[in-house]
Amino acid sequence: MKLKNLRLLPLLLIAFQACNMVNPKETIPTYIQIDSVHLESTVPAIHGTVSQKITDVWVYYNRQLLGAYQLPAKVPVITNGRGELEIIGGIWDDGLSGVRAKYPFYTVDTFSFDASPANIIKYTPTFHYRTADSESTNYFVEDFEQGNSFERLNGDTTFVKTNIPEDVFEGIWSSKLELSDTVSFGECITVQEFTLPAGRMCYLELNYKSDIPFVLRTQIKKFGVTTNVDLTGINPTTKWNKIYFNFGGFPNAFQPATFRFLLDAKLLDGVTHGKILIDNFKIINFK
């Protein structure tokens, strides 16, 4: 009887090993909890506002992509020792929630930590605008605190500065375009012409609040001929919102050219009043 049991022992060991191969021991991750992020400006005079609409974080661990996570996020990291996270701020391209992208003009945040399986480590990333001192990035910022970079192109009215508290996003001034039954159309354009290099990333940032829709378009001037092209429509919002518009490869098709930017609004049938407020109009591009 004992001999028979000894003969079964090797078979039992093989079965036990096979079970371990089919059901290997699971590795328990360390969780990094990111509830929110900060944006700071190292040179406010160049970068302007630090208002942001960072909706996601793209997370790398030891240079390997773990994924893109919507905020607030709990990121599982499988590690046994000390490692480093690289965190990139993510935004909605063109204000569309279905088009999520890493924002190229924010710096990358790094965070080193020791593994703590099954535990949660809370962390708040801090991003900055990329500096312009390397001569690699251009910034144009209109915050309306000093002047107004828009003039009337067509229509009945233009953007005018306002310091009425309920119409101001931040600081002392914002800009307003107000329409009525006697002032039903406004098309305003930047005074400045912009050169957007071919093959370089370029974004427009804008804080806005509006009770009517309006259109963002560009006026392209090439060899003395101007052409207006619609870029995107912007829907009404009762609260201040921020949009990041990605030009993508759009400027490439028109080189050499200069670009001015327009905001266009008109009252729809049956509507007798409309107001558009804007602040912190930015054009940022890599040189």
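Residues numbered from 1 in each chain as written. Predicted model: local features only at pLDDT ≥ 70, side-chain atom pairs only at ≥ 80, totals over all residues. Heavy atoms only, no water.

*Asks:* Talk me through the pairing of strand 17 (residues 214-222); I want residue IDs and the actual numbers.
*Replies:* Relative to strand 18 (residues 225-234), strand 17 runs antiparallel, the two being bridged by nine bridges. Paired with Ile220 across the two strands is Thr227, which belongs to strand 18. Between strand 17 and strand 18, which pair antiparallel one after the other, the connecting turn spans two residues, and Phe223 there sits at a positive phi close to 55°. (Pairing = 2+ DSSP bridges. Helix = DSSP H or I, 4+ residues; strand = E, 2+ residues; numbered from the N terminus.)

*Asks:* If you had to explain the packing of aromatic side chains to someone new, which residues and values would you point to?
*Replies:* This structure, assessed with the given rule, holds 22 aromatic pairs. With a centroid separation of 3.9 Å and 15° between ring planes, the pair formed by Phe111 and Tyr123 is classed as stacked. Of this pair, Phe111 sits in strand 8 (residues 109-114) while Tyr123 sits in the loop between strand 9 (120-122) and strand 10 (126-128), and the two are 12 residues apart along the sequence. Tyr123 carries the same exposure label as Phe111, and that label is buried. For the ring pair Phe169 and Trp240, a centre distance of 5.1 Å and an interplane angle of 50° mean the geometry is tilted. In this pair, Phe169 is assigned in the loop between strand 13 (160-162) and strand 14 (174-180) and Trp240 in strand 19 (residues 237-246), connecting sequence segments 71 residues apart. Classification of Trp240 by relative accessible area gives partly exposed; the value is 21%. Clustering of aromatic rings is evident, with ring pairs tying together Phe140, Phe144, Phe150, Phe159, Phe194, Phe245, Phe247, Phe261 and Phe281. Its guanidinium or amino end placed over the ring of Tyr31, Lys74 lies 5.0 Å from that ring's centre, counting from NZ or CZ. One residue, Lys242, lies across the ring of Tyr244, its end atom 5.5 Å from the ring centre. (Phe/Tyr/Trp six-rings, centres within 6.5 Å; stacked < 30°, edge-to-face > 60°. Buried < 20%, exposed > 50% of the residue type's maximum accessible area, 1.4 Å probe, protein only. Lys NZ or Arg CZ within 6 Å of the ring centre and 35° of its normal.)

*Asks:* Go over the side chain of Asp167 with me, naming the residues and quoting the values.
*Replies:* Inspection of the secondary structure puts Asp167 in the loop between strand 13 and strand 14. In this structure the side chain of Asp167 is engaged in a polar contact, spanning 3.0 Å, whose partner is the side chain of Lys275. The residues contacting Asp167, other than those within four sequence positions of it, are Thr162, Ser174, Lys176, Trp240, Lys275 and Leu277. (Polar contact = N/O pair within 3.5 Å; in protein donor to acceptor, adjacent residues only side chain to side chain. Contact = heavy atoms within 4.5 Å.)

*Asks:* Tell me about unusual backbone geometry, and please be specific about residues and values.
*Replies:* Look at the link from Leu71 to Pro72: it is a cis peptide, with omega at -10°. Among the secondary structure elements, Pro72 is positioned in the loop between strand 4 (64-70) and strand 5 (73-77). In this structure, Pro256 follows Gln255 across a cis peptide bond, with omega equal to -5°. The backbone phi angle of Arg63 is positive, close to 75°, even though this residue is not glycine. On the basis of relative accessible area, Arg63 is assigned to the exposed category, the value being 62%.

*Asks:* Account for the side chain of Ser51, with residues named and values stated.
*Replies:* Mapped onto the fold, Ser51 is located in the loop between helix 2 (44-47) and strand 3 (56-61). For Ser51, a relative accessible area of 13% gives the class buried. Within polar-contact distance, the side chain of Ser51 engages the side chain of Asn207 at 3.1 Å. Filtering out sequence-adjacent residues up to four positions away, Ser51 remains in contact with Leu39, Tyr106, Tyr129, Phe169, Asn207, Lys242 and Asn280.

*Asks:* I'd like to hear about the sheet that holds strand 9, residue by residue, with values.
*Replies:* The strand order across the open sheet formed by three strands is 5-1-9, and the pairing between neighbours is mixed. The open sheet has two edge strands, strand 5 and strand 9, and neither has a second partner. Averaged over all adjacent pairs, the angle separating strand axes in this sheet is 25°, with direction ignored. Here strand 1 (residues 30-34) runs beside strand 5; their pairing, made up of five bridges, is antiparallel. From the neighbouring strand, Tyr31 faces strand 5, where its bridge partner is Pro76. (Axes fitted to C-alpha atoms, helices over the stretch in contact; angles between N-to-C directions.)

*Asks:* Lay out the environment of Thr79 with the relevant residues and their values.
*Replies:* Note on placement: Thr79 falls in the loop between strand 5 and strand 6 (82-92). By relative accessible area, which is 10% here, Thr79 ends up buried. Taking C-alpha positions, Thr79 is 8.6 Å from Ser116, a pair spaced 37 residues apart along the chain. In this structure, Thr79 is in contact with Tyr61, Phe113 and Ala115, ignoring residues within four places of it in sequence. Side-chain polar atoms of Thr79 contact the side chain of Tyr61, separated by 2.6 Å. Within polar-contact distance, the side chain of Thr79 engages the backbone nitrogen of Gly81 at 3.3 Å.

*Asks:* Account for the sheet that holds strand 12 (residues 150-155), naming residues and giving values.
*Replies:* If you walk across this open sheet you meet the five strands as 12-15-20-17-18, and the pairing is antiparallel. The outermost strands of the open sheet, each flanked by one partner alone, are strand 12 and strand 18. Ignoring which end each strand starts from, the neighbouring axes of this sheet average 30° apart.

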